[in-house]
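Now for the letters of each chain:
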Amino acid sequence: MARIIDLRSDTVTRPTPEMRAAMAAAEVGDDVYGEDPTVNLLEKRAAEIFGREAALFVPTGTMGNQIAIRLLTQPGQEVICESRAHIFDWEMATTAVFSGCLVRPVHAERGILTWQHIEPVIYKRGSFRAATGLIGIENTANLAGGSVTPLAAMEEIWQIAQERGLPVHLDGARIFNAATALGIDVKALTRGFDTVMFCLSKGLGAPVGSMLTGSAERMEQARIYRKALGGGMRQAGVLAAAGLIALEQMPARLHEDHANARLLAEALAEMEGVAIDLDTVETNIVIFRMTGALSAAELVARLKEQGILASTVGPDSIRLVTHHDVSRADCVAAAEAMTEIVEAKIAHPTHAA
């Protein structure tokens, strides 16, 4: 069977041999009773790495985000986030269903929210409008191309939000990518957030799972909300064992994914009929637009014929995501395939793509 080069997402990674061995050998117990030693160790290490009192292992990043929103808001409030944020577009309106809150999306250049974007849409409690209950930041900003919010921008948000009595949650699904790009450890990069969610199953390569971190009191309540959402996973140490390896070992290699994304972006920048801003490619995500005769859907279909998987993220846009399971050679091959397809369409514009 020909090798598949899967650039659709960093969620497609398969467990490493070391993860599989750890999963097979994991010591387990019933995590709903708090008796799974491997889950307990993972939660302890996540809390230590992020400088928090406690952490909670959850099946998905969506669940982690939604538990945090429930913890930090009251029904009838608004949650401010960027207009392409995961909690707005990709979490099945759970903010409304589970927390009774409305998401207030705000567009920001490259997906990077600053206080200047946030302040105009903050509303106080009154008789005419829903009050702001929470500010949500996504770092890195997935559908803005994996862009990184600088520490200074977050520090301003933390300071003024605290003065206004507003909690701030971080959707840090790819926070280790942000930390790698900025050269700042995750503890310093996230210290001002009330709660932080990060994924083990994206760039860190675990098969399943995310973490929510915060105060001990909030994580105790979060455990109840996790159960309410169906997230009590019983002998989950089998999964947590892979998560421990992801957390302890995989951040050190993320710079490789960033370099591979840059390789793809630079190749795309040379192609006629392709628009890409190289300044936006800071981590492991590349988003570009098709501006010529070849459509985004056509390019994705042609790539698939050659065993290369990519995703459309709009009528004319494509997203590529690098990760542990695609090598430098894979990315070179993908870049060459895209070049050939684009050049063939330019040479024969009336032919089917």
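Residues numbered from 1 in each chain as written. Predicted model: local features only at pLDDT ≥ 70, side-chain atom pairs only at ≥ 80, totals over all residues. Heavy atoms only, no water.

Student: Let's hear about unusual backbone geometry: which residues, and what values?
Tutor: In the segment running from Asn139 into Thr140, the intervening peptide bond is cis, with an omega of 10°. Backbone geometry at Arg234 places phi at a positive 60°, although glycine is not the residue there.

Student: Kindly report on helix α12 (residues 254–269), identifying the contributing residues and their values.
Tutor: Structural remark: α-helix, 3.6 residues per turn; residues separated by three or four positions point the same way. Over its 16 residues, α12 runs 23 Å from end to end, which matches the ideal 22 Å to within 8%, given 1.5 Å per residue. Among the residues of α12, those classed as buried are Leu254, Asp257, His258, Asn260, Ala261, Leu263, Leu264, Ala265 and Leu268. Check the buried side of α12 and you find it contacts α8 (175–182), β9 (274–275), β10 (285–290), β13 (317–321) and α14 (328–347). (Helix = DSSP H or I, 4+ residues; strand = E, 2+ residues; numbered from the N terminus. Expected span 1.5 Å × (residues − 1). Buried < 20%, exposed > 50% of the residue type's maximum accessible area, 1.4 Å probe, protein only. Contact = heavy atoms within 4.5 Å.)

Student: So what about the packing of aromatic side chains? Which residues, and what values?
Tutor: Per the stated rule, a full pass over the model turns up five aromatic pairs. With 5.7 Å between their ring centres and 90° between their planes, Phe50 and Phe176 make a pair best called edge-to-face. Of this pair, Phe50 sits in the loop between α2 (37–49) and β2 (54–58) while Phe176 sits in helix α8; the two residues are 126 residues apart in sequence, bridging distant segments of the chain. Comparing Phe50 with Phe176, the two get one shared label, buried. Relative to Phe198, the ring of Phe176 has its centre 5.6 Å away and its plane inclined at 75°; by these criteria the two rings are edge-to-face. Of this pair, Phe176 sits in helix α8 while Phe198 sits in strand β7 (residues 195–199); the two residues are 22 residues apart in sequence, bridging distant segments of the chain. Grouped by ring-pair contacts, the aromatic residues Phe50, Phe176 and Phe198 constitute a single cluster. Just above the ring of Phe98 sits the side chain of Arg70; from NZ or CZ to the centre is 4.6 Å. Directly above the aromatic system of Tyr123 lies the positively charged group of Arg129, at a separation of 3.8 Å from the ring centroid. (Phe/Tyr/Trp six-rings, centres within 6.5 Å; stacked < 30°, edge-to-face > 60°. Lys NZ or Arg CZ within 6 Å of the ring centre and 35° of its normal.)

Student: Report on the pairing of β10, specifying residues and quantitative values.
Tutor: Pairing of β9 with β10, which is carried by two bridges, proceeds in the antiparallel orientation. Residue Val274 lies in a different strand from β10, and its bridge partner there is Met290. One ladder, built from five bridges, connects β10 with β13; its direction is antiparallel. Of the residues in β13, the one forming a bridge with Ile287 is Arg319. (Pairing = 2+ DSSP bridges.)

Student: Now, about the sheet that holds β2: what can you tell me, with residues and values included?
Tutor: Read across the open sheet, the seven strands follow the order β2-β8-β7-β6-β5-β3-β4; overall the sheet is mixed. Two strands bound the open sheet, and with one partner strand each, they are β2 and β4 (102–106). Mean inter-strand twist for the sheet, computed between neighbouring axes without regard to direction, equals 20°. In the sheet, β2 pairs with strand β8 (residues 210–214) via five bridges, with the strands oriented antiparallel. Following the sheet pairing, Leu56 is matched in β8 by Leu212. Along the sheet, α2 contacts β2, β7 and β8; its crossing angle with β2, the most-contacted strand, is approximately 130°. In the packing of helix α3 (residues 61–72) onto the sheet, the strands contacted are β2, β3 (78–82), β5 (132–138), β6 (168–172), β7 and β8, and the crossing angle to β7 comes to about 175°. (Axes fitted to C-alpha atoms, helices over the stretch in contact; angles between N-to-C directions.)

Student: I'd like a rundown of the packing of α3 against helix α10 (residues 216–228), residues and numbers included.
Tutor: Packing of α3 against α10 leaves a shortest axis separation of 10 Å and a crossing angle of 120°. It follows that α3 is oblique to α10 by the angle criterion. In this structure, the crossing between α3 and α10 has a hand that is right-handed. Two secondary-structure elements touch here, α3 through Met63, Ile67, Arg70, Leu71 and Leu72 and α10 through Arg218, Met219, Gln221, Ala222, Tyr225 and Arg226. Its residues assigned to classes, the contact of α3 with α10 comprises seven nonpolar, one polar and three charged. (Parallel < 35°, antiparallel > 145°, perpendicular 65-115°, else oblique. Left-handed = near helix turned anticlockwise from the far one by under 90°. Nonpolar A, V, L, I, M, F, W, Y, C, P; charged D, E, K, R; others polar.)

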